[in-house]
Amino acid sequence: MQKIGIIGGGQLGRMLVEAAKNLGFYTVVLDPTPNGPAAQVADKEIIGDFKDASKIKEVADQVDFVTFEIESANADALNDLVGEGKDINPHPKILETIKDKYLQKKFLEKNGIPVADSVEVSDEEEIKKAGTVFGYPFLLKARKDAYDGRGNALIKNEIDIKDGIVKLKDRTLYVEKFVPFVKELAVVVGRSKNGEVKVFPAVETIHKNNICHIVISPAPVKKDITQKAEELATKIIADFKGVGVFAVEMFLTEKNELVINEIAPRVHNSGHHTIEGNKTSQFEQHIRAITGMPLGDTGHTAPFSVMINILGERSGEVKLEGEEKLNEIKGATMHIYGKSETRPERKMGHITVVGDDLIEVLEKARLARSIISI
Ligand code: AMP
């Protein structure tokens with residue numbers, strides 16, 4: 001049986017393991033937390049930090065294919081292992097560019113991809129200067145380890161700058177011009193070992209407090225816009241080495257222009273609905289891509305699918321309630337990630353609803369979420 005090693009064992013790792021098991025692979029997961037979301041379903045867990053080179057090597061030495069679910073995995077260690085002939089995808093070289101949001105923006109800019117203007121800043125004076133050049137509001141962002149909006153501060157006027165610095169203290173920062181978007185879109189694209197590329201239909205993502213809240217598939221925008229979004233995402237990933245699934249997040253402006261926000265070299269929250277909503281899920285597609293299998297059909301299984309995240313609302317032990325009522329909502333499927341502790345805004349699970357009518361599907365998704373507490 002061929003073996004896959006996954007660096008990082010959160011919910012993305014869990015859903016990757018589930019897909020890998022369905023395709024008959026043996027799975028090994030590396031994560032610092034024992035019995036985390038992915039380890040619960042994997043064949044084997046190795047407990048250790050995903051920045052620890054010796055632990056990454058321990059995984060790589062016992063599998064045929066290595067992949068990662070987190071950008072902060074130790075890129076140097078992964079790179080050294082590629083040098084030793086290990087099969088690691090996507091190529092760890094791209095992590096250096098992607099995990100620093102500022103470097104990522106400049107890389108995309110250099111490749112002719114439309115992104116918001118940005119500038120490095122190291123103190124309050126430089127932030128003020130950026131405000132004068134870009135205008136208010138703007139975003140003050142942490143360059144690294146900035147997941148789920150935790151690294152962003154919206155600066156509405158000069159007075160907000162001090163609070164922004166406090167919020168993001170001890171982190172290397174940059175300033176990004178505000179994009180007055182009408183919608184946010186995302187496109188997941190997969191590329192396989194033989195160069196085959198398959199794009200999932202563009203979706204709309206709705207964020208709350210900078211965290212992905214709802215995903216609507218397909219994006220309720222005109223066909224020429226989804227087509228442009230899918231073409232742009234396909235063009236962008238051509239600039240990144242290696243195979244696997246990539247997620248491209250973008251803003252749609254009033255003038256119907258697309259501005260790229262961010263690239264993730266991995267499966268992504270904007271693709272969770274594909275488990276029920278598409279013929280192949282983003283997780284299966286990633287496993288297919290990294291193991292040299294042909295890519296699967298990305299077409300829809302139903303006219304619409306809506307994913308809503310189940311975020312924690314309190315701190316403490318998990319206590320799932322309301323799930324028995326979910327059976328009454330036709331077309332709804334719940335995924336719980338198996339985390340033992342809940343925290344405000346922590347991603348604990350998600351629900352996907354599929355159906356024929358978008359308004360109805362959206363309503364069902366909101367209703368389903370409201371009856372669940374965790
Ligand atoms: P990020 O974690 O940087 O991808 O940002 C999280 C969310 O913040 C995005 O999905 C947007 O809703 C918002 N955001 C980030 N950057 C900008 C920007 N330059 N202009 C407007 N909104 C932004």
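Residues numbered from 1 in each chain as written. Predicted model: local features only at pLDDT ≥ 70, side-chain atom pairs only at ≥ 80, totals over all residues. Heavy atoms only, no water.

Participant: Which residues make up the sheet that holds strand 5 (residues 118–121), and what values do they have?
Facilitator: Note on sheets: strands pair through backbone hydrogen bonds, and any given pair is parallel or antiparallel. Read across the sheet, 4 strands follow the order 5-8-6-7 without closing on themselves; strand pairing throughout is antiparallel. If you trace the sheet from one side to the other, it starts and ends with strand 5 and strand 7 (152–155), each paired once. On average, each strand axis in the sheet is inclined to that of its neighbour by 25°, with strand direction left out of account. Of the strand pairs in this sheet, strand 6 (residues 138–142) and strand 8 (residues 173–177) are connected by 5 bridges, and their pairing is antiparallel. In the strand pairing of strand 8, L139 is matched with E176. (Pairing = 2+ DSSP bridges. Helix = DSSP H or I, 4+ residues; strand = E, 2+ residues; numbered from the N terminus. Axes fitted to C-alpha atoms, helices over the stretch in contact; angles between N-to-C directions.)

Participant: Explain unusual backbone geometry to me, and be specific about the residues and the numbers.
Facilitator: A cis amide bond links Y136 with the next residue in sequence, P137, at an omega value of -5°. Looking at the element boundaries, P137 is found in the loop between helix 6 (124–134) and strand 6. In this structure, P218 follows S217 across a cis peptide bond, with omega equal to -10°. When you line up the elements, P218 lands in the loop between strand 12 (211–217) and helix 8 (223–237). Residue N35 is not a glycine yet carries a positive backbone phi of 50°. Looking at the element boundaries, N35 is found in the loop between strand 2 (26–31) and strand 3 (44–47). Judged by its relative accessible area of 48%, N35 falls in the partly exposed class. We note that N256 has phi near 65°; this positive angle belongs to a residue other than glycine. (Buried < 20%, exposed > 50% of the residue type's maximum accessible area, 1.4 Å probe, protein only.)

Participant: So what about the environment of P32? Which residues, and what values?
Facilitator: You can see P32 is positioned in the loop between strand 2 and strand 3. Judged by relative accessible area, P32 falls into the partly exposed class, the value being 36%. In this structure, the C-alpha to C-alpha distance between P32 and G190, residues 158 residues apart in sequence, is 28 Å. In contact with P32, not counting residues within four places along its chain, are I47, G48, D49 and F50. (Contact = heavy atoms within 4.5 Å.)

Participant: Quick one: what's the story with the site of the ligand, residue by residue and with numbers?
Facilitator: As a matter of local geometry, the ligand sits amid 15 residues, with K141, E176, V179, E184 and N210 nearest to it. N152 places a side-chain nitrogen or oxygen 3.0 Å from an oxygen atom of the ligand. At 2.9 Å from an oxygen atom of the ligand is found a side-chain nitrogen or oxygen belonging to N261. Protein chains shield 93% of the accessible area of the ligand, which is 480 Å² for the free molecule. Counting residues per element, the ones that place at least two in the shell around the ligand are strand 6, strand 8, strand 9 (181–191) and strand 14 (258–264). Of the residues assigned to the shell around the ligand, the class counts are 5 nonpolar, 4 polar and 6 charged. (Near = heavy atom within 4 Å. Polar contact = N/O pair within 3.5 Å; in protein donor to acceptor, adjacent residues only side chain to side chain. Areas by Shrake-Rupley, 256 points an atom, 1.4 Å probe, with all protein chains shown as cover. Nonpolar A, V, L, I, M, F, W, Y, C, P; charged D, E, K, R; others polar.)

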